[in-house]
Amino acid sequence: MVDLNRRVVLGGSLLGAAATPVVAQTAHEPAAPLAPPEDPTPRAVVHFAPERFDDLWWENDRIAHRIYGPALQAQEPPSGSGVDVWGKKTRVPFMQRQMASGSYHVDHGEGLDFYEVGGSRGCGGLGVWYDNKLWTSRNFATYRILDTGGDAARFEVDYAPWPVDVIRKVSETRRVELPMGSNFNRITSTLTSDTAEPLTVGIGIARRRPATRANNIRREKERGRLDVWGPEAAPGSIGISVLVDPKSVVGFVDDFDNYLILAEVQPGVPFTYYVGACWDGGGDFAGRDAWWAHVDGRAFTF
């Protein structure tokens, strides 16, 4: 099914008077089952969520994500453009039902949100690396849902111009595609700039606490890959992999919040990268070695 939803959400909150913010609770509370889905068909969906401060949620039968919109930016400054990932063990859409439960950090039997994004890039967000610092956008400004309810979730978002030190301003249009049966998002980003020089883009994975062990991080320049597993703590580990065209990779760097793979891109020229994620509680990958073997066995086209 194709949804030609095209809605602009610049500026203020879209939370109406009847909307009630969802209150996060802890994983130690009793976990009643979620309400059953109205449609139990496995499918890939995108949902704009004014009921949750303008989030944009998307999921398929394997994994679930969200990014943050203008209303949250006004409610909880300084929220940002990091990408969230949820652990998922059901094949049907569950994010709306999970959020409506009032305790979305609790596993009600289908998965949960336990990945902390904070000020990081989260699961594959990006920024511009300049002068040993990552310069990042705020929350998305506009969105366009292209496909939902079928074989793939597809959408576009725009990020308003943000400063890179005092030398330039950069904006981004990002297209995301998550097909059924895959743990990988195909992301095509176009960065525009008020100057023509190349940009060094840092695509990141959050540095979690407690610290991730060194043997759970892989950096492979010749393959254009950054893999991070864990850390290992309840309710499980999240594995994340970022894959970039190896010809564009200029190195790796860590800052306080992120592990980053760096790539050189040209303003105005689209570039594609992949972000894959899994949860070891989801039933598809038992641990790091299974996930990394899966990533190793896939081919990616840029």
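What counts, and at which threshold
- Every residue gets a number counted from 1 within its own chain, in the order that chain's sequence is written.
- The predicted origin of the model limits local features to residues at a pLDDT of at least 70 and limits the giving and counting of side-chain atom pairs to 80 or more, whereas totals for whole chains, interfaces and linings rest on all residues.
- In computing side-chain values, all of the structure's heavy atoms are included and hydrogens and water are not.
- Two strands are counted as paired when DSSP detects at least two bridges linking them.
- Segments assigned H or I by DSSP are reported as helices when at least four residues long, segments assigned E as strands when at least two residues long, and all are numbered from the N terminus.
- Under the scheme applied here, a residue whose accessible area is under 20% of the maximum for its type counts as buried, over 50% as exposed, and between as partly exposed, the area being computed with a 1.4 Å probe on protein chains only.
- Residue contacts are defined here by distance: any two heavy atoms, one from each residue, within 4.5 Å place the two residues in contact.
- As used in this structure description, the phrase polar contact means that two N or O atoms lie within 3.5 Å; if the pair is within protein, one of them must be able to donate a hydrogen and the other to accept it, and residues adjacent in sequence are counted only when both atoms belong to side chains.
- A cavity, in this analysis, means grid points on a 1 Å lattice covering only the protein atoms where a 1.4 Å probe fits yet has no way out; a pocket is instead an open set bounded by protein on both sides within 12 Å along at least five of seven lines, and a residue lines either one if it has an atom within 4 Å of a point.
- Grid points are joined across faces, edges and corners, and a volume is the space filled by probe spheres set on the points.
- Gly counts as polar in this scheme, as do all residues outside two lists: the nonpolar Ala, Val, Leu, Ile, Met, Phe, Trp, Tyr, Cys and Pro, and the charged Asp, Glu, Lys and Arg.
- Note on patches: the residues involved have over 30% relative accessible area and no salt bridge, like charges join within 9 Å, and the nonpolar side chains Val, Leu, Ile, Met, Phe, Trp and Tyr join within 5 Å.
- Areas reported as accessible are Shrake-Rupley estimates using a 1.4 Å probe. Residue values count occlusion only from the protein chains shown.
- The term salt bridge refers to a pairing of a side-chain nitrogen on Lys or Arg with a carboxyl oxygen on Asp or Glu at a separation within 4 Å.
- Here a pair means two rings of Phe, Tyr or Trp (six-membered ring of Trp) with centres within 6.5 Å. Their orientation is stacked below 30 degrees between planes, edge-to-face above 60, and tilted elsewhere.
- Helix axes are fitted only over the stretch in contact, all axes being lines through C-alpha atoms; the angle between N-to-C directions runs from 0 to 180 degrees.

Here we take up the sheet that holds strand β5 (residues 84-88). Taken together, the five strands give an open sheet; going across it, the order is β2-β3-β4-β5-β6, and neighbouring strands pair in antiparallel fashion. In this open sheet, the two strands that pair with only one neighbour each are β2 (45-49) and β6 (111-112). Of the pairings in the sheet, the one linking strand β3 (residues 55-59) to strand β4 (residues 64-67) comprises four bridges and is antiparallel in character. Bridge pairing in β4 places E59 opposite A64.

The next subject is the environment of V83. Tracing the sequence through the fold places V83 in the loop between α1 (70-75) and β5. Looking at V83, the relative accessible area reads 6%, which means it is buried. Spatially, the C-alpha atoms of V83 and T173 are 15 Å apart, while their sequence positions differ by 90 residues. Other than its neighbours up to four places away in sequence, V83 contacts W58, H65, R66, I67, Y115, V117, R121, G122, C123, G124, G125 and R174.

The two faces of a sheet get side chains in turn, since along a regular strand they alternate between them. Most of β5 is tucked away, with five of its five residues classed as buried. By the alternation rule, side chains of β5 split into D84, W86 and K88 and V85 and G87, which are all buried. Bridge count for β4 against β5 is three bridges, and the pairing is antiparallel. Note on β5: the bridge partner recorded for H65 is V85. Pairing geometry for β5 and β6, over two bridges, is antiparallel. Residue pairing for β6: G87 is matched across the bridge by L112.

Structurally, T272 is set in strand β19 (residues 271-279). For T272, a relative accessible area of 11% corresponds to the buried category. Polar contacts involving the side chain of T272 include one to the side chain of T188, which spans 2.9 Å. Every residue in contact with T272, bar those within four places of it in the chain, is listed here: R186, I187, T188, T301 and F302.

The full count for this structure, using the stated rule, is three cavities of 30 Å³ or more. If you go around the largest cavity, the residues you meet are W58, H65, I67, V83, C123, F155, R174, V176, N185, I187 and V275. Across the lining of the largest cavity, the residue classes tally to eight nonpolar, two polar and one charged. Its volume calculated, the second largest cavity comes out at about 50 Å³. R62, I63, K88, N183, C278, W279, G282, D284 and F285 together form the lining of the second largest cavity. Split into classes, the residues belonging to the lining of the second largest cavity amount to four nonpolar, two polar and three charged.

Right, let's get into a nonpolar patch on the surface. Where nonpolar side chains cluster on the molecular surface, the patch consists of Y130, V166 and I167 and spans about 290 Å² of accessible area. On the secondary structure map, Y130 appears in strand β7 (residues 123-130). Looking at Y130, the relative accessible area reads 31%, which means it is partly exposed.

As a further point, take unusual backbone geometry. Cis peptide bonds are those with omega within 30 degrees of zero, and the linkage from R209 to P210 qualifies with 5°. By secondary structure assignment, the location of P210 is in the loop between β13 (199-206) and β14 (217-220). Of note in this structure, D131 is not a glycine but carries a positive phi near 55°. Its location among the elements puts D131 in the loop between β7 and β8 (133-135). A positive phi is found at D165, a non-glycine position, where the angle reads about 55°.

It is worth spelling out the packing of aromatic side chains at this point. Here a ring pair, both rings aromatic, is described through the centre-centre distance and the interplanar angle of the planes. Taken as a whole, this structure holds 12 aromatic pairs when the rule is applied. Ring plane angle 75° and centroid distance 5.9 Å describe the contact between W86 and F94, whose orientation is recorded as edge-to-face. Side by side, W86 and F94 carry an identical accessibility label, which is buried. Residues F285 and W291 carry aromatic rings whose centres are separated by 5.1 Å and whose planes lie at 85° to one another, so their mutual orientation is edge-to-face. For W291, a relative accessible area of 0% translates into the label buried.

Turning our attention to the sheet that holds β13. Strands pair in a sheet through their backbones, by hydrogen bonds, and they do so in one of two ways: parallel or antiparallel. The sheet built from five strands is open, its strands ordered β8-β7-β13-β18-β17 with antiparallel pairing. A single partner strand is all that each edge strand has here, and the edge strands are β8 and β17 (249-254). In this sheet, adjacent strand axes meet at a mean angle of 40° when their direction is disregarded. Two elements, β13 and strand β18 (residues 258-265), share eight bridges in a ladder whose sense is antiparallel. Its bridge partner lying in β18, I205 is registered against Y259.

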